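Structure assessment
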Amino acid sequence: MNHNIVYLIRTVRYCGGFRVRHMRTYMLGTYKYKSAVQSTNLKKVLVNIPPSWLEFRLQFLPQETRDFSTEVADVSEQRDGKTELHEQSSMNALNVIQESAGDERNLQMKGRSQFQLFTYALETCKTPCDVLDLLAKFDYSSKVVTSSFCAMWRLIKNMPADSKPSERQVIFEHPTFALASQYLLEHSADAWGKDLVYSLHSAFSLGVPQNSLLIQTLLRVCQERLNEFSDKCLLCLVCTLKKMEKSKNVDALQLGLQMVVKQRMPEISDINLLQSMMKHFGKDAQLSLKKQFENRILKEMHSLTSENVRSIFNTLGAMNYTSIPILDGCSKKIVATLPGTEFWDFNHILNTCYILRYYNVEMFSAIESYVTSFINLWSIKQLVMLLSVFEILRFRPTKLLDIMAEMVINHPESLDLKDLLIILRVYSQLNYVPKGQDQQFFEALNCSLSSYLLTICNVDLLKAVFSFCILGYLPQAALNHLMQKDVLSDLLKPGGANLKHIERMLHTVRVCLKVDKHSFSKPASMLQQKSSFPVVLTSTEVREVLQTILQDTRKFRHNVQLEHGYYAHFEIKMDAERKKILPITEAHNSANLSVQRVVFLCASRYSFCLDMCPRGTLAVKMRHLKALGYRVIPIYCPKFQELGKEEAVKFLKEKIYSADN
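Below you will find a few notes about this structure. It should be emphasised that the depicted structure is a prediction, and the values quoted were computed from it without experimental measurement.

**A word on the overall build of the chain**
- Secondary structure summary: the chain contains 31 helices and 7 strands in total.
- Counting across all 661 residues of the chain, residues that qualify as buried make up 49%.

**A closer look at the pattern of salt bridges**
- Scanning the entire structure with this criterion turns up 15 salt bridges.
- The partner of Arg 310 in a salt bridge is Asp 345, with the nearest N and O atoms 3.4 Å apart. Of the two residues, Arg 310 is situated in helix α16 (residues 306-319) and Asp 345 in helix α18 (residues 343-355); the sequence distance between them amounts to 35 residues.
- Given a relative accessible area of 22%, Asp 345 falls into the partly exposed group.
- Where Glu 391 meets Arg 425, a salt bridge forms, and the shortest distance between an N and an O atom there is 2.2 Å. Taken together, the residues Glu 391 in helix α20 (residues 380-392) and Arg 425 in helix α22 (residues 417-429) connect sequence positions 34 residues apart.
- A relative accessible area of 5% means that Glu 391 is categorised as buried.

**Description of the environment of Val 335**
- Its place among the elements puts Val 335 in helix α17 (residues 324-336).
- Of the residues examined, Val 335 reaches a relative accessible area of 30% and is grouped as partly exposed.
- Excluding residues that lie within four positions of it along the chain, Val 335 makes contacts with Met 363 and Ala 366.

**Considering the nonpolar core**
- Ranked by size, the top nonpolar core spans 153 residues in total, and within it Phe 149, Phe 229, Leu 237, Phe 313, Ile 423, Tyr 427 and Leu 445 carry the most contacts.
- Examining the composition of this core, we find that 9 residues originate from one element, helix α24 (residues 458-471), more than from any other.
- If near-sequence neighbours (up to four positions away) are discounted, Ile 423 is found in contact with Val 384, Met 404, Val 408, Leu 415, Phe 441 and Leu 445.

**A closer look at the packing of aromatic side chains**
- Following the criterion strictly, the structure yields 20 aromatic pairs and no others.
- Three or more aromatic residues joined by ring pairs make a cluster, and in this case those are Tyr 427, Tyr 432, Phe 441, Phe 442, Phe 468 and Tyr 473.
- One cation-aromatic arrangement involves Arg 394 over Tyr 359; the distance from NZ or CZ to the ring centre is 4.8 Å.

**Let's talk about helix α27 (residues 499-515)**
- Over its 17 residues, α27 extends 24 Å from the first C-alpha to the last, a length consistent with the 24 Å expected when each residue adds 1.5 Å.
- Burial of α27 is extensive: 12 of the 17 residues sit out of reach of the surface.
- Residues of α27 that are buried sit in contact with α24, α25 (476-482), α26 (485-491) and α29 (616-627).

**Some points on the packing of helix α10 (residues 193-206) against helix α12 (residues 231-242)**
- Remark: α10 packs on α12, axes separated minimally by 10 Å, with the N-to-C direction vectors making an angle of 20°. In terms of orientation, α10 lies roughly parallel with respect to α12. As for how α10 packs across α12, the hand of that crossing is left-handed. Contacts between α10 and α12 involve Gly 193, Lys 194, Val 197, Tyr 198, Leu 200, His 201 and Phe 204 from the first element and Cys 233, Cys 236, Leu 237 and Thr 240 from the second.
- Considering only residue class, the contact of α10 with α12 consists of 7 nonpolar, 3 polar and 1 charged.

**Thoughts on the pairing of strand β4 (residues 567-575)**
- β4 sits mainly inside the fold: 9 of its 9 residues count as buried.
- Taken together, the 4 bridges between strand β3 (residues 557-561) and β4 define a ladder with antiparallel strand orientation. Paired with Arg 557 across the bridge in β4 is Glu 571.
- Where β3 folds back onto β4 in an antiparallel hairpin, the turn is made up of 5 residues, including His 564, whose phi is positive at roughly 60°.
- With 6 bridges connecting them, β4 and strand β6 (residues 595-603) associate as antiparallel partners. Considered in β6, the bridge of Lys 573 is made with Arg 597.
- Note that β4 and strand β5 (residues 581-582) share 2 bridges and pair antiparallel. Along β5, the bridge assignment pairs Met 574 with Ile 581.

**Describing helix α15 (residues 287-300)**
- Helix length check: α15, at 14 residues, gives a terminal C-alpha distance of 20 Å against a target of 20 Å (1.5 Å per residue), a fit within 8%.
- All buried positions along α15 are accounted for by Leu 289, Lys 290, Phe 293, Glu 294, Arg 296 and Ile 297. Taken end-on, α15 shows its buried residues confined to a sector of 165°, consistent with a single buried face. Within α15, the exposed residues directed more than 90 degrees away from the buried face are Leu 287 and Lys 299.

**So, the side chain of Ser 247**
- Along the chain, the position of Ser 247 falls in the loop between α12 and α13 (248-264).
- A polar contact of 3.3 Å, which involves the side chain of Ser 247, links it to the backbone nitrogen of Val 250.

**Comments concerning unusual backbone geometry**
- Located in the positive-phi region is Asn 320, a residue other than glycine, with phi close to 55°.
- With respect to the helices and strands, Asn 320 occurs in the loop between α16 and α17.
- Of the residues examined, Asn 320 reaches a relative accessible area of 40% and is grouped as partly exposed.
- Even without a glycine there, the phi angle at Asn 431 is positive, about 55°.
- Relative to the helices and strands, Asn 431 is located in the loop between α22 and α23 (438-450).

The rules behind the values
Residues numbered from 1 in each chain as written. Predicted model: local features only at pLDDT ≥ 70, side-chain atom pairs only at ≥ 80, totals over all residues. Heavy atoms only, no water. Helix = DSSP H or I, 4+ residues; strand = E, 2+ residues; numbered from the N terminus. Buried < 20%, exposed > 50% of the residue type's maximum accessible area, 1.4 Å probe, protein only. Salt bridge = Lys/Arg side-chain N within 4 Å of Asp/Glu carboxyl O. Contact = heavy atoms within 4.5 Å. Core = buried A, V, L, I, M, F, W, Y, C linked by side-chain atoms within 4.5 Å. Phe/Tyr/Trp six-rings, centres within 6.5 Å; stacked < 30°, edge-to-face > 60°. Lys NZ or Arg CZ within 6 Å of the ring centre and 35° of its normal. Expected span 1.5 Å × (residues − 1). Axes fitted to C-alpha atoms, helices over the stretch in contact; angles between N-to-C directions. Parallel < 35°, antiparallel > 145°, perpendicular 65-115°, else oblique. Left-handed = near helix turned anticlockwise from the far one by under 90°. Nonpolar A, V, L, I, M, F, W, Y, C, P; charged D, E, K, R; others polar. Pairing = 2+ DSSP bridges. Arc of directions from axis to C-beta. Polar contact = N/O pair within 3.5 Å; in protein donor to acceptor, adjacent residues only side chain to side chain.

This is the structure in structure tokens:
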């Protein structure tokens, strides 16, 4: 069928769309007018040119169709001239089929259209060059050329990675590829929407440069005909743009896509397709589009399958959009459908919770319970990964931690270095020591670490020793290796990465050696002795409540520097019976046993686990201050700030005068 008639039929059936602004581009070095899709010559199809020379503004205006009165008049004149050409092309196609099929199949293929013959022959191609050789034997059409590009991309995608660059080079040097690209360039305005979108996707995926004339022209035509695309074509277009670099054409098309998806949102029946679109829009999605997606999902929540729920979780993570109603609804469905859930589904769900800062203890506990109930289904590496995600979520899965400790005690040789470092980080940051078997657990970990001392890098060695020290255990061999002069010099070299963090870890190790009273053959002074670190600003809410309780500013101090580089946000002094608060000046003698020094540590939510247990650095600080004779009162600032004035006064009074703390 003549392309003009095809375009006419499609336009008559099309409802709603864009008014296409006639655009002008100019040949390089000249001022001659060229249309948006007209090519200068064959070699310029893939020439890299500045995208700004090809940009145009996207407009959403009432529909205006082309005037085909003069074009349709030429159809009858063209038909007779093309009949003979198509008959000859069909004969060529049958010859191609005969080369790869038997007599019975040949009889079945007679009378078929050229595209059907081409599609059958395309199935026999083994390499992209086979596709181009086949294409050279057929008349070009939008469907034929698009199918060729898609077939080449499908074949090259399945090749080994080291073969792809050379294969792409062969494709670009093939003469038929340039001819096919020329055809796409000239006929993109007349192509069906599906052919247009898949041509763009496959051409870009094959490696045609984004700033080439071909890709920029296809992007512009997609802008002009955006409302014609089906939902699946929109998804393909979104996926393609996700891989492209930012440019005016790409940004304009993304904006147009979001507007079209927003308009069609209530009508898209396939919820998987919709959430895939939103996932690929990602963080760039407009807030209004995210809100509309949220409302649509909430309406469909009752009919969502477990697969839908997991996909929506991942989509919200990709969008970085925390919708508590959706997350709560999905969490209930996840808990109800845990049996049969794969490990990677758990991992993705928990990682999404971390991205969205969504902490659902009920769901976390249900996942832990399910994993521990079927512990034999999981490998040690899978359990280690799961514990790692729980740790960054600040959730303490005590049952799973005990089971992992038993595995380590029984099979310490099964841990590779990466797993060992993760386990040390998890247990130290969650401040968890297995009850009744702590020494066996520490010795097994120490034995495993000692086997890697010859290969471990200095930073990982420091991290391992730091974790052991937070747990209150001294790995003798590892610490001896850490305290070698060349190791410390390497860690503390000026300009090194994360130098401040390394200094803090070394300082913590040194304080642990002194305060925890470990017997150690080398002096702790060999470690970094930096003891002054920035003091976190005092909580104004806590200060106001203390002033209300004490009625005298002389009875407390704020931002107090303590021994070994530690600090406290506030300090008061009480009698030994905790009945009376003393002025600071009257109880200055630290040797006076009848006076108790009380320090307040104001901490953020990230210093506590979800069960309000202090995490690693806060836990070791509290342990050391207690060992130095202080009474420590930790204050969870987010919760304290939610209290009213009277509730806050009552809460802090109970903490100060309590006999249990």
